[in-house]
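Spelled out from the first residue to the last, the chains are:
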Amino acid sequence: MATLLLSGEWIKNWEKSGKHEFVQLCKNLTENTDHGSEIKDIQTALYELCWQVVQGNLKWDLGANVLGDMMALKDDMASILADVFCILDLETSALEEKNKRDHYTQLVGACLCFVPEAILKERLDPETLESLGLIKQAHQFNQKIVKIKTKLFYKQQKFNLLREENEGYAKLITELGQDLSGNITSNLVLESIKSLIGCFNLDPNRVLDIILEVYESRSDQDEFFLSLIKSYMCEPITLCHILGFKFKFYQEPNEETPKSLYHIAAALLHHNLIELEDLYVHLMPLDAAIIEEHKREISEAKQIARKLVMVVLPSEKSEDKEKEKEKEEEKNEKPPDNQKLGLLEALLWIGDWHHAQSIMDQMPSFYATSHKAIALALCQLIHLTVEPLYRRAGIPKGARGCVLQPLRNKRAPQPAESFEDLRKDTFSMLCYLGPHLSHDAILFAKIVRLGKAFMKEYQTNNTHEVKDKLEILLSCFLSIADQVLLPSLSLMECNACMSEELWGLFKLFPYQHRYRLYGQWKNETYSGHPLLVKVKAQTVERAKYIMKRLTKENVKQSGRQIGKLSHSNPTILFDYMLSQIQWYDNLIVPVVDSLKYLTSLNYDVLAYCIIEALANPEKEKMKHDDTTISSWLQSLASLCGAVFRKYPIELAGLLQYVTNQLKAGKSFDLLILKEVVQKMAGIEITDEMTSEQLEAMTGGEQLKAEGGYFGQIRNTKKSSQRLKDALLDHELALPLCLLMAQQRNGVVFLEGGEKHLKLVGHLYDQCHDTLVQFGGFLASNLSTEDYIKRVPSIDILCNQFHTPHDAAFFLSRPMYAHQISSKYDELKKAEKGNRQQQKAHKYVAACEQVMTPVHEAVVSLHPSRVWDDIRPQFYATFWSLTMYDLAVPQTAYEREVNKLKAQIKAIEENPETPLNKKKKEKERCTALQEKLLEEEKKQQEHVQRVLHRLKLEKDNWLLAKSTKNETITKFLQLCLFPRCIFSSIDAVYCARFVELVHQQKTPNFCTLLCYDRVFSAIIYTVASCTENESHRYGRFLCCMLETVTRWHSDRAVYEKECVNYPGFLTIFRATGFDGGNKVDQLDYENFRHVVHKWHYMLTKASVHCLETGDYTHIRNILIVLTKILPCYPKVLNLGQALECRVHKICLEEKDKRPDLYALAMGYSGRLKSQKVHMVPENEFHHKEQPARSATPASQQNGPGSTGKPATSTSKTEEGASEDGDRGKDKSQGTSKPVNKANSAAAKVTTSNGNGALNSTKAVKERDDKEKSVKEKKEKKEKTPGSTPETKAETRREKQRDEKAGKEERVTREGKEKTPKADREKVKLEDKSSKEDKAKAGNGEPVEPSREAVKESKSKEKGDRNAATGSLKSPNPRSESAESERDHKRRKLDSHSSPSHSSSVKDGSNELKETPSKHHTNLNSVARSKSREKEVEKKDAENAQGRAKEKKEEKDRKDRKRDHTVNDREASQENKRRKDENGTNSSKNSQSTSPSCDSPLSPEKEKSKRSKSSSKEKAESVKPERTSSGGKKESRHDKEKSEKKEKRDSSGGKEDKKHHKSSDKHR
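Residues numbered from 1 in each chain as written. Predicted model: local features only at pLDDT ≥ 70, side-chain atom pairs only at ≥ 80, totals over all residues. Heavy atoms only, no water.

Looking at a positive patch on the surface
1) Next: There is a patch of like positive charges on the surface, built from Arg542, Lys548, Arg549 and Lys564.
2) Next: Among the elements that line the positive patch, the one with the most residues is helix 28 (residues 530-549), at three residues.
3) Next: Inspection of the secondary structure assignment puts Lys564 in helix 29 (residues 555-568).
4) Next: Note on Lys564: relative accessible area 55%, which makes it exposed. (Patch = residues over 30% accessible without salt bridge, like charges linked within 9 Å, V, L, I, M, F, W, Y side chains within 5 Å. Areas by Shrake-Rupley, 256 points an atom, 1.4 Å probe, with all protein chains shown as cover. Salt bridge = Lys/Arg side-chain N within 4 Å of Asp/Glu carboxyl O. Lys, Arg positive; Asp, Glu negative; His and termini not counted. Charge placed at Lys NZ, Arg CZ, Asp CG, Glu CD. Helix = DSSP H or I, 4+ residues; strand = E, 2+ residues; numbered from the N terminus. Buried < 20%, exposed > 50% of the residue type's maximum accessible area, 1.4 Å probe, protein only.)

Quick word on helix 26 (residues 496-506)
1) Next: Of all 11 residues making up helix 26, eight are buried, and the element is well covered by its neighbours.
2) Next: Looking at helix 26, one finds that the buried residues are Met498, Ser499, Glu501, Leu502, Trp503, Gly504, Leu505 and Phe506.
3) Next: Close packing links the buried residues of helix 26 with helix 24 (441-460), helix 25 (464-491), helix 27 (511-523), helix 29 and helix 32 (600-614).
4) Next: Put simply, Asn495 is the residue that caps the front of helix 26, since its side-chain oxygen is 3.3 Å from the backbone nitrogen of Cys497. (Contact = heavy atoms within 4.5 Å. Polar contact = N/O pair within 3.5 Å; in protein donor to acceptor, adjacent residues only side chain to side chain.)

Description of the pattern of salt bridges
1) Next: All told, the structure shown has 45 salt bridges when counted by the stated rule.
2) Next: For Arg744, the salt bridge is made with Asp806, and the minimal N-O distance between the two is 2.8 Å. Of this pair, Arg744 sits in helix 39 (residues 733-751) while Asp806 sits in helix 43 (residues 805-830), placing them 62 residues apart in sequence. The two residues Arg744 and Asp806 agree in class, both being buried.
3) Next: Among the salt bridges present, the one from Arg1141 reaches Glu1107, with a minimum N-O distance of 3.1 Å.

Details of the state of the cysteines
1) Next: The full count for this structure, using the stated rule, is zero disulfides.
2) Next: The structure places no disulfide on Cys431, whose sulfur is separated from the nearest cysteine sulfur, that of Cys476, by 8.4 Å. (Disulfide = S-S within 2.5 Å.)

Examining the environment of Glu501
1) Next: Within the element layout of this structure, Glu501 appears in helix 26.
2) Next: Each C-alpha atom, one on Glu501 and one on Lys446, is 9.8 Å from the other, the two residues being 55 residues apart in sequence.
3) Next: Aside from chain neighbours lying at most four places away, what touches Glu501 is Ala445, Val448, Arg449 and Lys452.
4) Next: A polar side-chain atom of Glu501 sits 2.9 Å from a polar atom in the side chain of Lys452.

Some remarks on the nonpolar core
1) Next: In terms of nonpolar packing, the biggest core is built from 319 residues, with Leu343, Phe506, Tyr1033 and Phe1036 touching the most fellow members.
2) Next: A per-element tally of this core places helix 25 first, with 13 residues.
3) Next: Excluding residues that lie within four positions of it along the chain, Leu343 makes contacts with Tyr262, Ala265, Ala266, Leu269, Leu276, Leu279, Leu283 and Ile359.
4) Next: Formed by 41 residues, the second largest nonpolar core is a distinct cluster that contains Ile11, Leu67, Met71 and Leu107. (Core = buried A, V, L, I, M, F, W, Y, C linked by side-chain atoms within 4.5 Å.)

Right under this line is the structure:
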C-alpha cells in the first residue's frame, strides 16, 4: 500500500512538491464516498506518513505539521489518527531500535495539540501514556481500570423486593390496574412507574414481571401494554427469560398453562418484542418427543387397521376391546400439555401466520393441525383471508352468508381481492391444514366455490399473457384438491352435499386431471396420516359387512348403506366391491341396482376404479388354459355395460382406455366396448339369431328394435345419446372403427403367435363383432352431417388407413345411403312430380351423382387386371347395398303388428290393470303399430326404386370380353366370400344378391357356375373360418341351398325362374371350320342331377373335415352343417353317411374335447329328427335316363372336334382351349376367400391339418404329376377323339384295366387280414388325395355333368353290390339276423359315401382333370345294361369266394407273409392306371374309407385292425347275438369288418367299371 499511496519521490522532494502531493491525495480520498472504503485508505495514507517519520526518512516536526493540516479535512480525523498511533504503538514497542521508538514518541507528542488526550488514553498503552506525560504512573492507572470494571460489571445493585417494599409494589399494581379508558397513555404510566422505582428502590426486572402479570389479566388491552413494554424494556433477551420462567412454572405435572400467557407471548412475538428462537427453547415438550409421538400414532393406527382386516376369534375380540378401553382411559386421565401447540394456537388467533408457520415447520406434517383447536384457528384465519374474494366471485346467487369481522391486526395476512392474491398466503395455509379442513365444512364449500369461479374465468380467458398466470393458478387449485379437499372429504362423516359441491368443481376439469386426482387419493393419500389409515380400515370392514349381506331382495337397504359409505371414501369402497365382482359375477345385478344412492362424484370415481381394475398389470386376461378370456375381465365388462347404461357416468375415460389398448395392439378390452354399446345402444351382436330375428333385422329401425333382438330394447334413447356425445366430443368415433378394423388382422398376425388357436379365433371374432356392432351404432345414431364429416372416402380408408375392404365398405355404406337419400330429396323438391316413374328416374340420378366418385375411387383398391373381369360399378353396387335395399320383410312386419294387436287385446281383457295405465299401454302399442306400417310402406317404395336402378345398371356390370369362369372367380373372391362372413345379415344378402343378379337376367353372369363354385369346394373356406364366421358361412350356404331347393322341388318354379334365363344357358364352343356357337338350355331333370351332385360334394367335404381330427375343421363343419340342416341333407344315403361320421365324432371326443362333443351331439339329434324328410336317391333325381347321343369329352373342346354337343349338361362355362391355361392361372385360389385365419389356423396346407404337403418330397411328386397331366391333356386336345388309333388304345386300356381289377380284388380281400399292407395302401391313397385336394384348392372349374355321370354310375353299382352284400359277409347268418339299419349303413358305406375307396374316388375325380372340357353325358341305358351283366358275373364269383372263406382263414398266416408284395404291386398298378387316365391331378380332397380312420396315427390304425380281425374270429366261433353291452360292441366291430371286406371285394370291380366307362368316353 505504501508504494501505491506514498512514493519515495515525494519524501525526497518533500518541501518542493511532496507535501503538496500528499495533501492533495488525502483530499481526494476524503471526497471519495465509495461504501466506507475512504476511511481505510486515509488510515493507510496517514500510517505511511507516520512510518516514514518513525524510519527517520522524514523529520517529525514536518510530519506533525502535515498531520495538523489534515484535521480540517474530516470531523473524526483525530479518532482515525489515534487508531494509527495505536497500531504504531504496538509495532514500535516490539522493535529493538531505540531511535525508532523515540521518533514515534516525538511525533505523538507533537500531535497532542490537535488530538484530544481522552482519545489517546482510550487507545494507547499505559507505558506509552506515561512516557508522553499524560499519566503519572502506569501501574496505578492499571489498578484504577480494574476497579472501575469490577464496579460496572460484577457488583450487583441492591433493590427492594416485594416483601421488603410492599407499598411501592402496591402503588405499581394500582397504577397498572387503573381504568385506561380516559386520556391515560402508556407514556404517562411509564413516568409514574419510573418515579415509583426511584422512590421505593424497586427491582426493574420485578417491575417488568408485574407488568406482564397485569397484562395477562387484562389481555384485551393489547395496545396499551405492548407500547408500555416497548417503552420500558431494555433488552429482548431479558423479557424472554422472564416469559421462559413463567412457562417453566407450568411444566410441572398436572399443571395447565393458561391461555392468557400464550396470548401475551404471541402478542410480544407478533410485535417483534421478543424472538421466537429465544422463547422456543423454554417451551415443552422437545421436538424429538413430538416426532416420537407422531411415529407411535402412525404405528398404532396401522396396527388397528391390521386387526380390522385380520380374521379374529370372538374371544380375542373381546380381550382386544377391553385393552383398547383401558388405553383410552389412560389417555383421558393425563392429557399432555403441549406449550408449543398452545402458543401456535394463540399466534393463529391473532393472525401471526409468519411465526405460526415457523413453529409448524418444526413438527411432522399435519401433526399440529391434527389438534382440532389449531385446525379451527387456522380455518378461521383462512376464512378471514378469502372473505373479500369469496364475496365478489364465489358466493352463489341468493346466498347471504354471515359477514366476518376482519382482524384489527395490520400485520395479519392481507385479505385476497383476486385469485392471484390467493398464492401469497391462502394456498400455503390450506396445505398446512391438509385433511383437517374436514373440521370446517363451510370453509370447504367456500374453497370449492372459489375453485369453480376460477375455472369459469380460466375457460373464458384466452389471451396469452393472462393464460400463463392462470395455468400456474390451475396447478395450485389441483394441488389443493389433491392435498386438502379429497383427504378432508374422507374424514367427513357421509356428507353428500360436500360431495356434490366438490363435483361442481371437478366436472370442470378434464377427465385426465380428475383421474389423476382419484389415483392419488386411492393409492397414496390414505397412507400418510394416522387418522386416514384408521378410516381406510374402517371403510373396508364396513364394506365387507354390507357386501356379505347384499342380495336381490335387500337392494334398497344395502344400497343406502353403500351410498352413505361412498360419500366419504368411494375409492376404498369401490375397490373392494370390484374385487368381489371379479370373483362372483352373480353380484353384478344387485350391485348395479344398489348404486342408485351415489353422488355424481362417486359415479365418476367408480368409472376411474373400473378402468384401474381393468388395467391392473398383475392380472392375467387369459385363463390358465390360454384358450378363453378370464372370467374377471368378462365380469368387469358386464358391469361396465350395466353401470354406464343405468347411471349418468362420463364415458370418455373408458373409451379412451379401450382406444389406447387398441393402439398398443391389445384386443382383450374390446369386450368392454362390446358390452357398453350393447347395453347403452341396445345393439346386440350374436350369430345365434333365429331366422325370424334375422328377417326383422333386414327391415327399418323400428322393426329391428321390436323383432331383431333377443331382449326387448327399451329406454336406450338417453344412454345412446350419451355414448354418441362422448364419442363425438373426444373425436373417438372414427379412430375406434379404424383401430378395430386394423386390429382384426393384428389379432392373428401380431398377437396370435403365442396364443392358443382357439383364443385367437375368439379374439378375432370379438374384434370383428365389436366393429360391426359399433359401426351399426354410429350409422343409426350419428346425424348425416356428423357421419359424412368423420368418415373419409373409400380409397383413403383403404389406401391411407390400411382398412380391410370389407370393413371400409361397412363404414362407408351408411354414408352412401345418407347421401343418396338427401340428394334424392333435393331433386324431388327441385322438381315436383308425383308420378312413380319420375321418382324412380330422380332416384337413379341421385345414385349416379353419389356413386360415380365411388366407382372412380374403387379402381385404386385392386390391380387393373381385376377390372377386366368385373366393372367397378358392379363392385361398388354389390358392396354399397344392404338387405334393406333388396327386399321387404313383409312377414316380419305382419308378425310384429299381430303381436301388438294381441298385446292390445290382452290389455283390454286384463281387469286388474288400472284404466289410466290401460290407456297409456294401448296408446303405446297403437303408435308402434302405426310406425311399423308406415316404415313398411316406406321400405317398399325404396326397394322398388333400388330394383329399378339395378335393372338399368345390370347391362354394364360384367364385361363380355372375359370368360364367365374368370368373372365368377373374381366375383367370388372379391365380393361374395369376404362379405358372406362379415355378418349374418351380409350372409343372407350375398345369397339374395346372387339370386337377384340371376333374376335380373344379367348378361355374362353364369348362375350355374356360381352355385357350383360355392358348393363344390367348401373345405378350404370352412377350415379358414373362425367360430362366428362359420355360423355366417353356414347361413350363407343355407340361403343359397334354399334357392336351389326351391328350384329343385317344383318343375313349374324352375321353368318360371330359370328356363330362358342367361344364367342357365350352357354354351359350347365348337372348333370346326364354321366356328359357330350352339346355345342350349339346362332342362329340369338335368338340373336335378346337378343339385344331387352338389349335395354329394357337400357330403364329401363334410366327411373329409370330420375325419381330419383337427379341432377347427370339425368345429366349423359341425356349425355349418347345423346351419344348413333345413336344406341339407335331403338324400337318405348322404344323410346316413353323415350320421355315421358324426356318431364316430361323438364317441371319440366325449372325454377329449367336450365342446366338440356337445356340438356333435346337438347336430346328431337334429339330424335324426330330419330323417323323416329325407328321400331315397332315385326320388331326388331320376337315375335312369333314355339313351342320348353322347359326345366324348375330347370332342367338345378339342381343336378337331366335329361331333354334336350333347343336350344334357350340368355346369358349363365359356372358354376354348386357348383360354384354358389363362383360366387356370387366374382362378388360383378362387374358392379360398382372402382370409386371415389361413395363416393362424395351424398354417393349413392340407385339408386334414397334418401338414403333409410341407415335405419337399410330397411337393416334388405333386409337381411332377401335375406336369405329366398337363402334357397328357395337351395330347388329348390335339388328338381327334374319333380316330381308329384312339379306339385301339381304348381297347388295350380296357384289357389292362380288367386284368388290374382282378389283381386288385385279390389284394383287397387280403387287406383286412394284413394291417400293415392296409396302412401302406392308406398312405398311398392319402398321397393321391392330397394332390387332389391341392388341385381343388386352386379353384379350377369342375365339370358337374361328368361328375354326375360317374356318381350315378358308381351309385348304381353300389346298389347292386349292396344287394349281394349279405353273401360277402363273413357271418353266415347275417341275412336273417342283421337289422335293417345296419344293412343300410353297410350299403351306404359300400357305395355312396364320398370317401368310400380310392377306386371310386379315382372314378369321380377323373372328370376334374381337364377344367376346359365340358362333358355332358349323364346316364346311358346301353352302358347300364352291360354293367348289369358284369355285376351278375362278379356276384357269382363273390358267392364262391365266401364259401371258401373258412378255408382262407386257416391260411391267413401264410398270406400275411406275402401281402406286402401284393399290395406294392397293386399300388403300382393303380398308379400306372391313374397316370394313363390322367387322374393323378384330380382335385378332390383327401378322404378314405369312413370305417378306416385315415387321420389316425398308424398305431391306432394297427390296434383297430387287429381288434376287428380278432372280433371276426370271435364271430366265426360264436355266431349267436347277445344282449350284453360288450357283445353289442363286438357286433358293431363285426359289422364294421363286414363292410371293410365287402368294400374291398367290390372296390376292384367298381374301379374296373369306371375305367370301362371312361374307355367308352374316349
